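Residue-level structure breakdown
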Amino acid sequence: MTSPADILKQTFGYDIFRPLQQEVIQNVLARKDTLAVMPTGGGKSLCYQIPSLIFDGLTVVVSPLISLMKDQVEQLRAVGVPSLFINSTLSPQAYQESMDHVRNGEVKLLYVAPETLLTQRILSLLDSVQVDCLTIDEAHCISEWGHDFRPEYRQLVEVRKRFPKAVCLALTATATSRVRQDIRNTLKFSTTNEFVASFNRENLYIEVVRKREPVGQVIELLDRYKDQSGIIYCFSRRQVDELAAYLASKKYSARPYHAGLEDAERKTNQELFIRDDVQIIVATIAFGMGINKPNVRFVIHFDLPKSVESYYQEIGRAGRDGLPAFCTLLYSYSDVAKINYFIDQKEGDEKRVAIQHLNAIVSFAEDERTCRRKPLLNYFGESYEADNCSNCDNCTSAPTPLADITVYAQKFLSCVKRADEKFGAGHIVDILHGSKNEKVIRWGHDKLSTYGIGAELTKKQWMHIARQLLSMGYLKQEGEYHTLSLTARALESLKKREPVFGVVQEAERAKKDGKQKAGVEYNHALFALLRQKRKEMADADGVPPYVIFSDRTLTEMAAYYPQSRESLLKIAGVGQVKLSQYGDAFLDVIKSFSKKHELTEQLTRKKAVEGKSELGERTRIVGESFNDGATIQDLLERQGVTKGTILDHLTKYAMAGNKLRNGDNLQTATSATPEQQQITFAVFDESGTMYLKPVFDALNGALNYDELKILRLLYLIYKQGNTTP
Ligand code: ADP
Ligand code: MG
């Protein structure tokens with residue numbers, strides 16, 4: 001029998017399981033009904049796709065998202081997995097043909113909509129074949145407590161009874177314990193078989209930015225993410241239309257998406273986005289449920305989302321491929337008033353809940369010190385322990401103390417005044433900088449007393465000063481050209497020489513951005529060529545580009561220059577079938593580029609980088625040394641870190657699906673009595689291994705957290721040993 005790890009590599013082209021994938025797969029293969037909760041992009045699909053290739057019979061996947069089925073099936077076919085979907089969008093003939101394929105045992109995976117599955121026609125079709133696994137995707141739809149309750153989902157219980165031999169796998173990204181409990185109760189699962197992955201999405205850079213001139217800020221961001229795919233979320237349909245039209249008028253590749261558009265237009269815009277024909281979608285929250293696009297590189301919130309939950313779901317659509325992605329929330333307190341207005345129209349419980357949600361997102365947005373991941377994950381009942389995630393604004397920038405900016409304010413304000421209050425900020429800065437550009441000369445502004453008096457700040461810093469003066473009410477901005485003029489307050493303050501306090505942006509901000517987690521360094525010119533090749537092939541096959549290869553795969557090709565089919569297989573996302581279908585075409589591009597630029601294959605570099613990005617070099621070293629016989633004591637001396645840190649590395653190593661050996665070395669390191677150990681294991685059975693607090697409580701605090709971590713490792717070893725099929 002081929003092992004899950006072999007299928008992961010040979011069929012899907014990946015080297016390492018994502019957290020909990022392996023556990024879930026093993027559990028399913030052991031035919032234990034399983035509930036898996038993983039964040040969007042966490043890799044839920046492989047949890048049933050890999051078992052489906054090991055089971056003899058059919059795996060049925062129920063999904064409410066009809067629009068996604070076709071996409072999933074296209075991706076599966078591209079890696080050579082025979083699969084089909086049956087739903088109401090099929091023509092009668094295609095429907096019949098699909099049924100025939102299933103009846104003849106020609107497919108391993110069948111996607112169906114719940115209402116389709118419940119029809120007599122499909123039920124009797126399934127009676128005629130062997131159903132080995134019934135997967136329920138978006139399983140929160142079963143719960144009335146979830147955000148998307150669907151009555152048809154309740155009836156799936158009957159379907160289960162009809163196929164008692166099929167193991168059931170329920171998947172969702174909704175983590176609240178109430179919904180989980182509801183799913184388990186409805187489907188009659190035991191808690192032992194519940195797996196809840198961390199909701200932390202390490203690759204998302206999260207930042208909240210003061211909203212000043214949102215359109216300008218959006219443009220600035222878009223220029224930063226040139227040629228990348230992204231979503232801009234707005235509060236209202238009108239805002240969506242306006243912003244999309246504005247961006248399009250400025251030659252950005254942007255389209256709107258909201259519930260007020262004609263079906264056809266919505267569909268087209270979504271399709272264009274998925275196929276990389278359009279880079280930017282400006283949308284209300286209606287957008288996203290039905291899309292699976294892995295290479296969304298940025299999500300901008302133009303307005304404040306109405307809850308932490310929806311915020312997290314929306315940014316979750318970025319970076320599904322695991323590559324770095326950027327999430328910017330533009331925040332201003334006036335948005336709160338806007339949402340409050342809508343809340344005021346509600347009543348009773350609904351109003352109370354809405355206010356709670358709003359307060360939570362506001363305090364998230366206004367906190368400028370705590371790591372952004374802490375409150376977000378906290379909200380989902382998870383505690384984020386690291387002090388510094390190094391991938392959010394609060395962790396990467398030092399808190400900026402207010403500085404005395406009186407001199408800058410005076411220079412800027414007087415320059416506005418001298419230029420007769422007829423110009424925008426950009427021109428004022430040009431004057432301050434002593435620019436000789438045509439406009440400055442034409443207006444004679446090189447003769448002003450303020451000409452060239454502001455060389456000490458960069459253009460960006462001056463613009464930042466201008467925005468602060470605007471928001472502090474010293475300046476007003478009007479008209480199409482954003483003309484600046486002085487307010488009464490400014491005149492007053494200039495006269496009295498009042499001090500002004502604000503922030504001078506650091507000039508080396510760019511350097512700091514460099515600290516953000518980067519993906520692999522790659523050759524951008526080659527990447528562009530590969531992307532072009534991908535687009536050609538995708539259009540020829542009539543599929544979205546990511547069905548051919550993901551951005552991640554192309555990035556790796558452009559970083560390591562594989563020169564042979566064998567080397568190409570080492571690239572993430574290249575399995576046997578894709579190699580034979582697309583390999584040569586891409587190799588041609590890489591080879592001719594390499595030849596022209598005298599580049600050689602760099603696959604040894606890949607190994608080194610990989611150790612870092614997927615597991616962390618140290619984690620791997622600690623795990624491997626332990627397996628080679630090192631004791632905890634040896635390791636903490638060698639690494640010069642605390643026992644807790646060593647145990648954390650080992651836990652990470654084990655949870656990434658690596659087998660730990662030498663349980664004896666752990667057993668001797670624990671002072672737990674057999675009874676305490678038993679209680680601990682029972683709690684892990686009951687509530688999973690993610691949190692230690694329940695164990696701590698169950699033992700009345702008799703063992704400290706380091707001890708509990710050792711027991712958790714023993715438990716993981718014991719479980720891995722027990723559930724290997
Ligand atoms: P979910 O359904 O949980 O939102 P998906 O199953 O759609 O997530 O997976 C998201 C992306 O991650 C897909 O592009 C998938 O191919 C990729 N992926 C899944 N598992 C792995 C893995 N072990 N290594 C690398 N990429 C993976
Ligand atoms: Mg999914």
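Residues numbered from 1 in each chain as written. Chains lettered and ligands numbered in written order. Predicted model: local features only at pLDDT ≥ 70, side-chain atom pairs only at ≥ 80, totals over all residues. Heavy atoms only, no water.

Concerning the sheet that holds strand β2 (residues 58-62)
- The strand order β3-β4-β2-β5-β6-β1-β7 describes an open sheet built from seven strands, whose pairing is parallel. Of all the strands in the sheet, the pair left with one neighbour each is β3 (83-86) and β7 (194-196). Direction aside, neighbouring strands of the sheet carry axes that sit 15 degrees apart on average.
- Pairing of β2 with strand β5 (residues 131-136), which is carried by five bridges, proceeds in the parallel orientation. In the sheet register, valine 60 faces β5, and the bridge partner there is leucine 134. (Pairing = 2+ DSSP bridges. Helix = DSSP H or I, 4+ residues; strand = E, 2+ residues; numbered from the N terminus. Axes fitted to C-alpha atoms, helices over the stretch in contact; angles between N-to-C directions.)

A look at the domain arrangement of the protein
- Taken domain by domain, the protein consists of domain 1 (4-196), domain 2 (204-382), domain 3 (403-502), domain 4 (524-608) and domain 5 (615-720).
- Using C-alpha coordinates to define each centre, domain 1 is positioned 33 Å away from domain 5.
- Residue-level contacts link 10 residues of domain 1 with 10 residues of domain 5.
- A combined buried area of about 790 Å² lies between domain 1 and domain 5, and 40% of that area is made up of carbon and sulfur atoms.
- Sorting the residues of domain 1 by area buried against domain 5 places Ile16, Thr191 and Thr192 first, and these three jointly supply 40% of that buried surface.
- For the interface between domain 1 and domain 5, the tally reads zero salt bridges.
- Applying the counting rule to domain 1 against domain 5 returns zero residue pairs in polar contact (both at pLDDT 80 or more).
- Looking at the side of domain 1 that touches domain 5, the elements that each hand over two or more residues are α2 (21-29) and β7.
- Split into classes, the residues belonging to the side of domain 1 that touches domain 5 amount to six nonpolar, three polar and one charged. (Domains from an automatic or database assignment. Contact = heavy atoms within 4.5 Å. Buried area = accessible area lost by both parts, 1.4 Å probe. Salt bridge = Lys/Arg side-chain N within 4 Å of Asp/Glu carboxyl O. Polar contact = N/O pair within 3.5 Å; in protein donor to acceptor, adjacent residues only side chain to side chain. Nonpolar A, V, L, I, M, F, W, Y, C, P; charged D, E, K, R; others polar.)

Quick word on the sheet that holds strand β10 (residues 254-257)
- Ordered by their spatial adjacency, six strands build an open sheet running β8-β13-β12-β9-β11-β10, and the pairing between neighbours is parallel. Every other strand in the sheet has two partners, leaving β8 (204-210) and β10 as the edge strands with one partner each. Each adjacent strand pair in this sheet contributes to an overall mean axis angle of 15 degrees, direction not counted.
- Both strand β12 (residues 296-301) and strand β13 (residues 325-331) contribute to a ladder of four bridges, which runs parallel. What sits directly across from phenylalanine 298, in β13, is phenylalanine 326.
- With respect to the sheet, helix α16 (residues 348-366) is in contact with β8 and β13, its orientation differing from that of β13 by roughly 105 degrees.

A short note on the pairing of β2
- With five of its five residues buried, β2 lies for the most part within the structure.
- Burial along β2 is two-sided: Leu58, Val60 and Val62 and Thr59 and Val61, pointing in opposite directions, are all buried.
- In this sheet, strand β4 (residues 109-112) lies alongside β2 in parallel orientation, the contact comprising four bridges. From the neighbouring strand, valine 60 faces β4, where its bridge partner is leucine 110. (Buried < 20%, exposed > 50% of the residue type's maximum accessible area, 1.4 Å probe, protein only.)

Regarding unusual backbone geometry
- You will see that lysine 188, though not glycine, has its phi angle at about 60 degrees, which is positive.
- Within the secondary structure, lysine 188 sits in the loop between α10 (177-187) and β7.
- On the accessibility criterion, lysine 188 (64% relative accessible area) is exposed.
- Its identity is not glycine, yet aspartate 276 carries a phi of approximately 65 degrees, on the positive side.

Remarks on empty space enclosed by the protein
- Counted under the stated rule, the structure contains two cavities of 30 Å³ or more.
- What the second largest cavity holds in volume is close to 40 Å³.
- Looking at the second largest cavity, the residues that line it are Tyr48, Ser63, Leu65, Leu68, Met69, Gln72, Tyr111, Asp137 and Glu138.
- Of the residues forming the lining of the second largest cavity, the biggest block, three residues, is contributed by helix α4 (residues 66-78). (1 Å grid on protein atoms, 1.4 Å probe; cavity = no way out; pocket = protein on both sides within 12 Å on 5 of 7 lines; lining within 4 Å. Points joined across faces, edges and corners; volume = space filled by probe spheres on them.)

Digging into the site of ligand 1
- Near ligand 1 lie 16 residues; those nearest to it are Tyr14, Ile16, Gly41, Lys44 and Ser45.
- Split by residue class, the shell around ligand 1 holds six nonpolar, seven polar and three charged. (Near = heavy atom within 4 Å.)

With respect to the packing of helix α25 (residues 524-541) against helix α27 (residues 551-560)
- Relative orientation of the contacting elements α25 and α27 amounts to 135 degrees, with a least axis distance of 9 Å. Here α25 lies oblique to α27, going by the angle between them. Classified by chirality, the crossing of α27 by α25 is right-handed. Within the contact between the two elements, α25 uses Leu526, Phe527, Leu530, Arg531 and Arg534 and α27 uses Asp551, Leu554, Thr555, Met557 and Ala558.
- For the contact of α25 with α27, a count of residues per class yields six nonpolar, one polar and three charged. (Parallel < 35°, antiparallel > 145°, perpendicular 65-115°, else oblique. Left-handed = near helix turned anticlockwise from the far one by under 90°.)

Some words on α27
- In terms of burial, α27 is largely enclosed, as 10 of its 10 residues are buried.
- Every buried residue of α27 is accounted for by Asp551, Arg552, Thr553, Leu554, Thr555, Glu556, Met557, Ala558, Ala559 and Tyr560.
- Of the residues one or two after α27, tyrosine 561 is the one with positive phi, at around 45 degrees.

A look at the nonpolar core
- Counting 141 residues, the largest nonpolar core has Leu117, Leu126 and Met557 as the members making the most contacts within it.
- Among residues more than four places away in sequence, those in contact with methionine 557 are Leu526, Leu530, Phe549, Pro562, Leu568, Ile571, Val574, Phe586 and Ile590.
- Counting residues in each nonpolar core, the second largest holds 29 residues, with Val695, Leu699, Leu714 and Leu716 among its members. (Core = buried A, V, L, I, M, F, W, Y, C linked by side-chain atoms within 4.5 Å.)

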